[in-house]
Amino acid sequence: MSMAVIGMIAGMALGFAGYFGGFGAFLLVAALGAVGFVVGRFLEGDLDARDFFRPRDDRRR
């Protein structure tokens, strides 16, 4: 199982533990699952933080 999937499962589990019930819980679990997925991708080395924090006018050619 990849780190991204483990991170997504951990985020979803935290969402269920933090808040359970209704549409708000659905949104919370989806958001925490997405955050967990992204963190897992960072840990695997598939994403680079510089991609998110570079200036807009710095374009790769």
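Please read these numbers as outputs of a predicted model, since none were measured by experiment. (Residues numbered from 1 in each chain as written. Predicted model: local features only at pLDDT ≥ 70, side-chain atom pairs only at ≥ 80, totals over all residues. Heavy atoms only, no water.)

Asker: I'm lost on the overall build of the protein chain in this one. Help?
Answerer: Per the secondary structure count, the protein chain includes three helices and zero strands. Starting at the N terminus, the α and β elements of the protein chain follow one another as α-α-α. Looking at the protein chain as a whole, 15% of its 61 residues are labelled buried. A fraction of 42% describes how many contacts in the protein chain between residues 6 or more apart in sequence connect residues 24 or more apart. Looking at the protein chain as shown, the accessible area adds up to about 5000 Å², and 66% of this sits on carbon and sulfur atoms. (Helix = DSSP H or I, 4+ residues; strand = E, 2+ residues; numbered from the N terminus. Buried < 20%, exposed > 50% of the residue type's maximum accessible area, 1.4 Å probe, protein only. Contact = heavy atoms within 4.5 Å. Areas by Shrake-Rupley, 256 points an atom, 1.4 Å probe, with all protein chains shown as cover.)

Asker: What am I meant to see in helix α1 (residues 3-18) here?
Answerer: Residues lying three or four places apart along an α-helix face the same way, a consequence of the helix completing one turn every 3.6 residues. Taking 1.5 Å of rise per residue, the 16 residues of α1 would be expected to cover 22 Å, and the 22 Å separating its terminal C-alpha atoms lies within 8% of that figure. Within the span of α1, buried status applies to A4, G7, G11 and G15. Projection of α1 onto a plane perpendicular to its axis shows the buried side chains occupying an angular sector of 75°, all on one side. (Expected span 1.5 Å × (residues − 1). Arc of directions from axis to C-beta.)

Asker: What exactly am I supposed to notice about the environment of A13 here?
Answerer: By the secondary structure assignment, A13 is in helix α1. Residue A13 is classed as partly exposed on the basis of its relative accessible area of 43%. A sequence separation of 20 residues divides A13 from G33, and the C-alpha atoms of the two residues are 8.3 Å apart.

Scope: geometric values only; no functional claims are made or implied.
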